[in-house]
Amino acid sequence: MWVFLVTEIMFFGGLFTAYMVYRISYPSAFDQGSIHMDFWAGTINLVVLLCSSLTMALAVHAAQMGERKKIVVMLIGTLVLGTAFLVIKGYEYHEHWVDHNVPGDALFGIDPGTGQQIYQDPRHTELFFLMYFIMTAVHALHMVIGIGLVSFIAIESWRGRYTRYYHNPVENVGLYWHFVDIIWIWLYPLLYLISHHHATG
Amino acid sequence: MAETIVSSRTYIVVWLTLMALSALTAGLSWINLGIWSGFVAFAIASMKMLLVALFFMHLRYTHQKMVWVIALVGFFWLSLLLSLSATDYVTRNFLPVPGK
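Residues numbered from 1 in each chain as written. Chains lettered and ligands numbered in written order. Predicted model: local features only at pLDDT ≥ 70, side-chain atom pairs only at ≥ 80, totals over all residues. Heavy atoms only, no water.

A. Main features of the packing of helix H5 (residues 122-158) of chain A against helix H6 (residues 168-193) of chain A. Residue and element names in this part refer to chain A. Here H5 crosses H6 at 160°, and the two axes come no closer than 10 Å. The pairing of H5 with H6 is recorded here as roughly antiparallel in orientation. Note that H5 runs across H6; the crossing there is left-handed. Here the residues of the contact of H5 with H6 are counted per class, giving 20 nonpolar, four polar and no charged. (Axes fitted to C-alpha atoms, helices over the stretch in contact; angles between N-to-C directions. Helix = DSSP H or I, 4+ residues; strand = E, 2+ residues; numbered from the N terminus. Parallel < 35°, antiparallel > 145°, perpendicular 65-115°, else oblique. Left-handed = near helix turned anticlockwise from the far one by under 90°. Nonpolar A, V, L, I, M, F, W, Y, C, P; charged D, E, K, R; others polar.)

B. Expanded view of the packing of aromatic side chains. All names here are of chain A. For the structure shown, the criterion picks out 25 aromatic pairs over all chains. Considering the side-chain rings of Phe 39 and Trp 40, the 4.9 Å spacing of their centres and the 75° angle between planes classify their relative orientation as edge-to-face. Residue classification places Phe 39 among the buried residues on the basis of a relative accessible area of 6%. Here the basic side chain of Arg 68 rests over the ring of Trp 158, its NZ or CZ set 5.1 Å away from the ring centre. (Phe/Tyr/Trp six-rings, centres within 6.5 Å; stacked < 30°, edge-to-face > 60°. Buried < 20%, exposed > 50% of the residue type's maximum accessible area, 1.4 Å probe, protein only. Lys NZ or Arg CZ within 6 Å of the ring centre and 35° of its normal.)

C. Representation of the nonpolar core in the model. In this structure, Phe 56 and Met 57 of chain B are the most contacted members of the largest nonpolar core, which totals 89 residues. Among the secondary structure elements, those contributing two or more residues to this core are helix H1 (2-25), helix H3 (39-65), helix H4 (68-98), H5 and H6 of chain A together with helix H1 (8-28), helix H2 (36-56) and helix H3 (65-90) of chain B. Here this core takes 18 residues from H6 of chain A, the largest share from any one element. When neighbours within four sequence positions are excluded, Phe 56 of chain B is seen to be in contact with Ser 53, Leu 54, Ala 57 and His 178 of chain A together with Tyr 11, Val 14, Trp 15, Leu 18 and Leu 51 of chain B. (Core = buried A, V, L, I, M, F, W, Y, C linked by side-chain atoms within 4.5 Å. Contact = heavy atoms within 4.5 Å.)

D. Main features of the interface of chain B and chain A. Opposite the 44 residues of chain B that make contact, chain A presents 46 residues. At the boundary of chain B with chain A, total buried surface from both sides reaches about 3900 Å², with 80% on carbon and sulfur atoms. Taken together, the connections running from chain B to chain A amount to zero salt bridges. Here chain B is connected to chain A by three residue pairs in polar contact (both at pLDDT 80 or more). Counting residues per element, the ones that place at least two in the side of chain B that touches chain A are H1, H2 and H3 of chain B. Counted by class, the side of chain B that touches chain A contains 29 nonpolar, 13 polar and two charged residues. (Buried area = accessible area lost by both parts, 1.4 Å probe. Salt bridge = Lys/Arg side-chain N within 4 Å of Asp/Glu carboxyl O. Polar contact = N/O pair within 3.5 Å; in protein donor to acceptor, adjacent residues only side chain to side chain.)

E. Structural detail: empty space enclosed by the protein. Tallied over the full model, the rule gives one cavity of 30 Å³ or more. There is about 80 Å³ of room inside the largest cavity. In terms of lining residues, the largest cavity is bounded by Leu 193, Ile 194 and His 197 of chain A together with Thr 25, Leu 28, Ser 29, Ile 31, Leu 33, Ser 37, Val 40 and Ala 41 of chain B. Contributing elements (two or more residues each) for the lining of the largest cavity: H1 and H2 of chain B. For the lining of the largest cavity, the leading source of residues is H2 of chain B, giving three residues. Class assignment of the residues belonging to the lining of the largest cavity gives a composition of seven nonpolar, four polar and no charged. (1 Å grid on protein atoms, 1.4 Å probe; cavity = no way out; pocket = protein on both sides within 12 Å on 5 of 7 lines; lining within 4 Å. Points joined across faces, edges and corners; volume = space filled by probe spheres on them.)

F. Local environment of the side chain of Thr 17 of chain A. Residue position: Thr 17 of chain A is located in helix H1. On the basis of relative accessibility, which here comes to 8%, the residue Thr 17 of chain A falls in the buried class.

G. Highlighting the layout of surface pockets. By volume, the largest pocket is sized at about 1300 Å³. Lining the largest pocket are 36 residues, and of these Met 20, Trp 186 and Leu 190 of chain A together with Gly 38 and Phe 42 of chain B lie nearest its centre. Breaking the lining of the largest pocket down by element, the ones donating at least two residues are H1, helix H2 (27-34), H6 and helix H7 (196-200) of chain A together with H2 and H3 of chain B. The leading source of residues in the lining of the largest pocket is H1 of chain A, at ten residues.

H. Examining unusual backbone geometry more closely. Of note in the backbone geometry, His 100 of chain A takes a positive phi value of approximately 55° without being a glycine. Structurally, the position occupied by His 100 of chain A is in the loop between H4 and H5. A positive phi angle, close to 65°, is found at His 58 of chain B, a residue other than glycine. Within the secondary structure, His 58 of chain B is located in the loop between H2 and H3. Residue classification places His 58 of chain B among the buried residues on the basis of a relative accessible area of 10%.

I. Local environment of the environment of Gly 74 of chain B. Following the sequence through the fold, Gly 74 of chain B ends up in helix H3. For the pair Gly 74 of chain B and Tyr 61 of chain B, spaced 13 residues apart in the sequence, the C-alpha separation amounts to 19 Å. With residues up to four places along the chain from it excluded, the contact list for Gly 74 of chain B reads Val 6, Ile 9 and Met 10 of chain A.

Bear in mind that shape data such as this cannot, by itself, settle questions of function.
Structure (structure tokens):
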């Protein structure tokens, strides 16, 4: 599982590097894009994911102790929190759509209220949103896969498939889930935080 | 292979620490620290990553050295990728280029 996660590090690493290079190349255009992030949606999602990591860790713990019911309860908690994350992400995507912040939109950067272009360098702010959408969408795809895996092991644990002596699948899905959490731990400061003080004055 | 079982209390303490660090980094983002905003945000993110990897992902308790090797190799190549890319793009305008 760790070997697989290293391939995932390299996969996300490429995206992080691309983001870093563009951020260095067009700092002010990226700043302007970054301050239009929904700070609270990102922060709530961070809290939601950290809580889901706790329930996942407790599910693995329950598997090690061989407590069947507790594994299922903790996995269901993880599923609920994972789904909540995706719902908030979907709400955020909808906001970007309404605000003309989706790259490729012919009206990109046009304020829906005033009809004015709000960015000084719309093409490069579009690049920021392109990176944002790729990185968060790939992360969300990992969440969807994770929810599938957690559902599967929840059903298997309910059937009593895992014992104190055999619970590798639970442990491995846990590793995957925590890894996806770590990706968000990094996306959060990169996308939401480092220009946030410009938005608040 | 014997595995170390961590008590649920440890997980809850780690989780509380993660929440506190998140509150700290979110709070600090309202303050303009100049070029330090990035450093502070990334330092806190690194701490959070370490906490998740060491405790939730059991890196601290693993008996297999190979797991450590694989995890460190992952970080090593990632840091090469990021740092060598940065040496190019960060330093581009440090020195004037004659004729440019």
